[in-house]
Amino acid sequence: AQTVTQSQPEMSVQEAETVTLSCTYDTSESNYYLFWYKQPPSRQMILVIRQEAYKQQNATENRFSVNFQKAAKSFSLKISDSQLGDTAMYFCAFMIPTGGSQGNLIFGKGTKLSVKP
Amino acid sequence: GAVVSQHPSWVICKSGTSVKIECRSLDFQATTMFWYRQFPKQSLMLMATSNEGSKATYEQGVEKDKFLINHASLTLSTLTVTSAHPEDSSFYICSARVEGRNEQFFGPGTRLTVL
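We now turn to the structure provided with this report. Just so you know, these numbers come straight off a predicted model, no measurement behind them.

Helices and strands together make up the secondary structure of chain B, namely 0 helices and 11 strands. Along chain B, helices and strands appear, N-terminal first, in the series β-β-β-β-β-β-β-β-β-β-β. For chain B, whose C-alpha radius of gyration is 13 Å, the value lies close to the compact-globule estimate of 13 Å for 115 residues. The principal-axis extent of the C-alpha atoms belonging to chain B is close to 40 × 25 × 20 Å. By sequence separation, contacts in chain B at least 24 residues apart represent 55% of the contacts at least 6 residues apart. Split by element, the accessible area of chain B, about 5,600 Å² in all, is 52% carbon and sulfur. Taking the 11 positively charged and 10 negatively charged side chains of chain B as two groups, their mean positions are separated by 5 Å.

Below, the structure is given as structure tokens:
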């Protein structure tokens, strides 16, 4: 069974600083996808960034980037130049695109990030 | 593109009544939709996977007779909480998967409060 672990229940960062959120996962699959979702106080789930396991290059989206270490099964999210609007719950998620659980997302427990002015 | 709506956004009902929540994909066809439940300060828990035209697949521990799911069209899935009780109070979120894209798009959620 696949598991996703986020070991930091809460994090805080000063505005304009950089913060890294940790995520590890466990799977025996070779083909999978990893995601970071943001859930602000509105509770709308927003996709921040995604990574295909077969791609060695780390994904980046503006101020958001990941450090994907496949051998270590680690998928951390780096937020640069933190903004007050980044304050939210961040969920790491795992997906196997094929098979019986096709398309199912497995979520970590989340990290509550607070950006302080 | 890939917008998912949910209705209602919040609902309060009396214990013993049934509540229906709708999930619609507005600008795409979704052969697969997912229903999640989220308790305060917790993660999303998958309840069931809904496939258009077939019976939903429920996760272990989720009562299929209590949480009725219907996916009658490629743009609509419904979750009916039957004989709701206070312990069913939660935030219910749906998502839809675009065929050929390994990604889910989430609705804004429905807050259910059972008195």
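Each helix and strand in chain A was counted, giving 0 helices and 12 strands. Listing the helices and strands of chain A from first to last along the sequence gives β-β-β-β-β-β-β-β-β-β-β-β. On C-alpha atoms alone, chain A measures out to a radius of gyration of 14 Å, which is about the 13 Å that the 2.2 N^0.38 rule sets for 117 residues. By its C-alpha atoms, chain A is 45 × 30 × 20 Å across when sized along the principal axes. Within chain A, buried positions represent 48% of all 117 residues. Of all intrachain contacts in chain A linking residues separated by at least 6 positions in sequence, the fraction that spans at least 24 positions is 55%. Across chain A, the centroid of the 11 positively charged side chains sits 4 Å from that of the 9 negatively charged ones.

Accessible area lost when the parts come together is the quantity often used to give the size of an interface. At the junction of the two partners, chain B supplies 20 residues and chain A supplies 19 residues. A buried area of about 1,600 Å², summed over both sides, lies between chain B and chain A, and 48% of it is on carbon and sulfur atoms. The largest share of the area that chain B buries against chain A comes from N102, E103 and F106 of chain B, three residues that together contribute 32% of it. The tally of links between chain B and chain A comes to 1 salt bridge. Only β4 (32-38), β5 (44-51), β9 (90-97) and β10 (104-106) of chain B provide two or more residues apiece to the side of chain B that touches chain A. When its residues are assigned to classes, the side of chain B that touches chain A shows 9 nonpolar, 7 polar and 4 charged.

Before going further, it helps to examine the pattern of salt bridges. Two side chains bearing opposite charge may form a pair once their charged atoms approach each other closely. Counted under the stated rule, the structure contains 7 salt bridges over all chains. As a salt-bridge pair, E52 of chain A and K55 of chain A come within 4.0 Å of each other at their nearest N and O atoms. For E52 of chain A, a relative accessible area of 12% puts it in the buried group. By relative accessible area, which is 38% here, K55 of chain A ends up partly exposed. D88 of chain B is paired through a salt bridge with K66 of chain B; the nearest N and O atoms lie 2.9 Å apart. With D88 of chain B in the loop between β8 (76-81) and β9 and K66 of chain B in the loop between β6 (57-58) and β7 (67-73), this residue pair connects regions lying 22 residues apart in the sequence. Here the two residues D88 of chain B and K66 of chain B agree in accessibility, since each one is buried.

For the rest of this paragraph, the subject is the sheet that holds strand β1 (residues 4-7) of chain B. Residue and element names in this part refer to chain B. In spatial order, the strands read β1-β3-β8-β7; together these 4 strands make up an open sheet with antiparallel pairing. The strands lining the two open edges of the sheet, one partner per strand, are β1 and β7. For this sheet, the mean angle separating the axes of adjacent strands, direction not counted, is 15°. Bridge count for strand β3 (residues 19-25) against β8 is 6 bridges, and the pairing is antiparallel. Bridge pairing in β8 links V19 to V81.

Here the focus is the nonpolar core. The biggest cluster of nonpolar side chains holds 27 residues, and the ones touching the most others in it are V4, F28, W35, F67, L79, Y92 and L112 of chain B. Taken together, the elements giving at least two residues each to this core come down to β2 (10-13), β3, β4, β5, β7, β8, β9 and β11 (110-114) of chain B. Formed by 26 residues, the second largest nonpolar core is a distinct cluster that contains V4, Y32, A53 and I96 of chain A.

Conventions adopted
Within each chain, residues carry numbers counting from 1 in the order of the written sequence. Labels follow written order: the first chain is A, the first ligand is 1, and so on. With the structure being a predicted model, the display of local features is reserved for residues of pLDDT at least 70 and the display and counting of side-chain atom pairs for 80 or more, all residues being used for whole-chain, interface and lining totals. Side-chain measures were taken over the full set of non-hydrogen atoms in the model, leaving aside hydrogen atoms and water. Numbered from the N terminus, helices here are DSSP runs of H or I no shorter than four residues, and strands are runs of E no shorter than two. Within these notes, the globule rule equals 2.2 Å times the number of residues to the 0.38 power, and the radius of gyration is based on C-alpha atoms. A contact between two residues is defined here by any heavy atoms of the two lying within 4.5 Å. For accessible areas, the Shrake-Rupley method is used with a probe of radius 1.4 Å. Any residue's cover is judged against the shown protein chains and nothing else. Here the positive residues are Lys and Arg and the negative ones are Asp and Glu; neither His nor the chain ends is included. Lys charges are placed at NZ, Arg charges at CZ, Asp charges at CG and Glu charges at CD. Partly exposed residues are those whose accessible area sits between 20% and 50% of the maximum for their type, while under 20% is buried and over 50% is exposed, using a 1.4 Å probe and protein chains only. As used here, buried area is the combined drop in accessible area, with a 1.4 Å probe, of two parts when they are placed together. The term salt bridge refers to a pairing of a side-chain nitrogen on Lys or Arg with a carboxyl oxygen on Asp or Glu at a separation within 4 Å. Ten residues, namely Ala, Val, Leu, Ile, Met, Phe, Trp, Tyr, Cys and Pro, are considered nonpolar, four, namely Asp, Glu, Lys and Arg, are considered charged, and the remaining ones, Gly among them, are considered polar. Two strands qualify as a pair provided DSSP detects at least 2 bridges between them. Every axis corresponds to a line fitted to the C-alpha atoms, with the helix fit spanning only the stretch in contact, and the corresponding angles, defined between N-to-C directions, vary from 0 to 180 degrees. The nonpolar core is taken to be a set of buried Ala, Val, Leu, Ile, Met, Phe, Trp, Tyr and Cys residues, with the residues joined through side-chain atoms within 4.5 Å.

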